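Next come the chains, spelled out residue by residue.
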Protein chains: 2
Amino acid sequence: MKAIIQKDPDDPTSLTWSDSPTPVPGDNEVLVKVTAAGVNRADTLQAQGHYPPPPGVTDIIGLEVAGVIEDANGCVRPDGTPWASGDRVGALLSGGGYAEYVTVPAGQLLPVPAGFSLTDTASIVEVACTVWSNLMMTAHLHKGDLLLVHGGGGGVGLFAVQVAKALGARVAVTAGSTAKLDVCRSYGAELLINYRDEDFTSVIREAGGADVILDIIGAKYLDRNVSALASDGHLVIIGMQGGVRGELNIGRLLNRRGTISATGLRYRDTDDKARIVRATVDNVWPMLADGTVRHHVDRVIPVRDAAAAHAALLAGEITGKIVLSVSD
Amino acid sequence: MKAIIQKDPDDPTSLTWSDSPTPVPGDNEVLVKVTAAGVNRADTLQAQGHYPPPPGVTDIIGLEVAGVIEDANGCVRPDGTPWASGDRVGALLSGGGYAEYVTVPAGQLLPVPAGFSLTDTASIVEVACTVWSNLMMTAHLHKGDLLLVHGGGGGVGLFAVQVAKALGARVAVTAGSTAKLDVCRSYGAELLINYRDEDFTSVIREAGGADVILDIIGAKYLDRNVSALASDGHLVIIGMQGGVRGELNIGRLLNRRGTISATGLRYRDTDDKARIVRATVDNVWPMLADGTVRHHVDRVIPVRDAAAAHAALLAGEITGKIVLSVSD
Ligand SMILES: NC(=O)c1ccc[n+]([C@@H]2O[C@H](COP(=O)([O-])OP(=O)(O)OC[C@H]3O[C@@H](n4cnc5c(N)ncnc54)[C@H](OP(=O)(O)O)[C@@H]3O)[C@@H](O)[C@H]2O)c1
Ligand SMILES: NC(=O)c1ccc[n+]([C@@H]2O[C@H](COP(=O)([O-])OP(=O)(O)OC[C@H]3O[C@@H](n4cnc5c(N)ncnc54)[C@H](OP(=O)(O)O)[C@@H]3O)[C@@H](O)[C@H]2O)c1
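Residues numbered from 1 in each chain as written. Chains lettered and ligands numbered in written order. Predicted model: local features only at pLDDT ≥ 70, side-chain atom pairs only at ≥ 80, totals over all residues. Heavy atoms only, no water.

**Thoughts on the site of ligand 2**
Residues and elements named next belong to chain B. Near ligand 2, the surroundings consist of 24 residues, among which R41, G176, K180, Y195 and Q241 are the closest. The contact in question runs from an oxygen atom of ligand 2 to an N or O atom on the backbone of G176, over 2.7 Å. In this structure, a nitrogen atom belonging to ligand 2 sits 2.8 Å away from a side-chain N or O atom of Y221. Computed on the free molecule, ligand 2 has an accessible area of 910 Å², of which 91% lies beneath the protein chains in the complex. For the shell around ligand 2, the secondary structure elements donating two or more residues are α3 (125-138), α4 (155-166) and β9 (170-175). Tallied by class, residues from the shell around ligand 2 come to nine nonpolar, 12 polar and three charged. (Near = heavy atom within 4 Å. Polar contact = N/O pair within 3.5 Å; in protein donor to acceptor, adjacent residues only side chain to side chain. Areas by Shrake-Rupley, 256 points an atom, 1.4 Å probe, with all protein chains shown as cover. Helix = DSSP H or I, 4+ residues; strand = E, 2+ residues; numbered from the N terminus. Nonpolar A, V, L, I, M, F, W, Y, C, P; charged D, E, K, R; others polar.)

Next comes the structure, spelled out in structure tokens:
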């Protein structure tokens, strides 16, 4: 098959559409022929050498795809009915998505949401699982809560805005441009903060404090995030775009009875991923089917241009998601 | 009435048994005639000026008592039956315990556990509510988990060891002396770490990491606590005996998908306290009644010697609890 191979580990732009052995599904894995692959910021980190695949996982980049089952390999759905070759699916991956074929543990397959194309589907698998697992399974967001989403115009961010709205939360976002903030507003964000001009802490504190913060910045925002928490608030850190080590004022956290979690999807075991996938399908798929939550694909480009996709994401050009088309 | 009054705010030892107005119960509060008052490390902090009472609360020290209801003031139990004068009770307080009389919001009254004297009862109210709310309501300790309790020989620590054992967890403790570690072992702790000789991180990591850590040290242990967490582990910070500001390595926390909470009982509102008291009575009182969890009163001294009680606690002389006798 063909896949994106990084020719030079020291050059994150050396992503080349090349020959690569077709993977062989193991026990309880299916083989999927890929139609489209979603691009995530984590993929750019992997190309830079900062985010290695878990042990035993291919080093081909790519955390989510949609496509058609080529070999169901005897695998069954959670309800016990068999998957079959020809079934259209989405898939949450530990790697390997930028390729014509990928193997997927059965628990990480997702149905195509009603009304979605495969390209649309490839744009929402990773963000849906990330948003549901963090907002609900980790932070237990409630109706009426104030959620602060950092990077509201990003792939994860724009999805989080919508899911939180659907759950009855009020949503505040940070972003670096008016254009991105406008898109956030159109999806339901109420408090729009341009982080280049404004200090989010004071805006959020005036609004009563954030019950939940979904953070992708890490160290640089740690102290401000804790200051922005409401009583019993929960800061969930899923990215460290602003560094790894920060000073924590424990007294300030204790005054709020606050909680800080730092989570990741990729290094979980297959059981844990299956649990998250299932909860996501049960809860988020109905929101997609009835249009409460929508995909937002900024652009679709051919997989051979993966390096250009990474560059666009890193340049801040992308609102929502960028998707690679692999085959039709 | 008489109460302990701090004559000089700048002198934490100026605790004097003096005349003070008898408090008057407000709506949904009872008046309790105090038999015994528990001493907590927080009381020593308050005397030092570091732990002010919440707004509207007396500045008389004391977070827990047991005694006899003097005026039930129409208050009822959670099941709707009326409290009556003469009823023997324990009480969780926001302050005011070192006195002959104290007013108590009805939701913060607790029955006397089967077989307990009032003096015994005064020694377990604050620690029981602290331990149950943190281990279960915050950290959701499970059977088979490894719990690390810092300061295992202290009031909170020795109670946490026993409740965790009763819940089927394995328990590790730190303490500063062999004598305290021996007492911890006698109550069920399996891993005994003298923090003066040993680094707890390596011991805990060898044991597979801690699923839950109950921490009273704060900044000084922050980095080591995060290192000692197992995957999906939860660090609950309830004290800052080792300082307020510490460096948090978010990458290390994320590698473990760890959570850090910092909590306090005193500044919660009455509804929240009532919720905790009720859960504690429902779950911990049966453990006290059948002897699974025991009180451990190191010594009982007259309330007029409150300053000596504080000195003994701060000198590390006390294993478990020290109680002030107020009347018989
Ligand atoms: N732990 C997990 O399981 C998991 C899963 C998925 C994603 N993630 C992480 O989540 C983050 C987002 O991923 P993604 O794929 O959605 O990336 P993305 O689409 O590139 O979104 C990141 C967003 O952050 C914004 N941003 C940059 N600096 C900012 C700042 N200082 N304050 C606020 N916003 C800022 C960027 O746009 P503007 O600056 O133009 O506003 C961009 O919209 C990444 O760090 C990724 O690694 C983690
Ligand atoms: N947030 C809340 O709601 C809440 C409620 C109750 C208590 N607390 C806090 O919990 C802590 C314990 O309270 P307490 O009333 O149980 O006090 P305590 O009886 O004095 O217990 C504290 C224990 O810590 C030990 N210790 C001191 N330095 C240590 C170190 N470096 N490493 C490990 N252990 C150390 C002490 O004995 P050795 O050094 O001799 O071992 C002592 O046994 C206090 O900080 C208190 O403020 C918080």
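Following the structure, the description resumes.
**Some thoughts on unusual backbone geometry**
Residues and elements named next belong to chain A. For D232, which is not a glycine, the phi torsion comes out positive at approximately 60°. Looking at the element boundaries, D232 is found in strand β12 (residues 229-237). Owing to a relative accessible area of 43%, D232 belongs among the partly exposed residues under this scheme. (Buried < 20%, exposed > 50% of the residue type's maximum accessible area, 1.4 Å probe, protein only.)

**With respect to the domain arrangement of chain A**
Residue and element names in this part refer to chain A. Domain boundaries in chain A define domain 1 (2-124 + 266-325) and domain 2 (128-262). Look at where the C-alpha atoms of domain 1 and domain 2 centre, and you get two points 26 Å apart. The partner domain 2 presents 19 residues to the 24 residues of domain 1 that form the contact. Each partner contributes to the roughly 1,800 Å² buried at the junction of domain 1 and domain 2, and carbon and sulfur atoms together form 68% of this total. For the interface between domain 1 and domain 2, the tally reads zero salt bridges. In terms of residues, the side of domain 1 that touches domain 2 owes the most to one element, helix α9 (residues 270-289), which gives 10 residues. Among the residues making up the side of domain 1 that touches domain 2, the classes are represented as 12 nonpolar, eight polar and four charged. (Domains from an automatic or database assignment. Contact = heavy atoms within 4.5 Å. Buried area = accessible area lost by both parts, 1.4 Å probe. Salt bridge = Lys/Arg side-chain N within 4 Å of Asp/Glu carboxyl O.)

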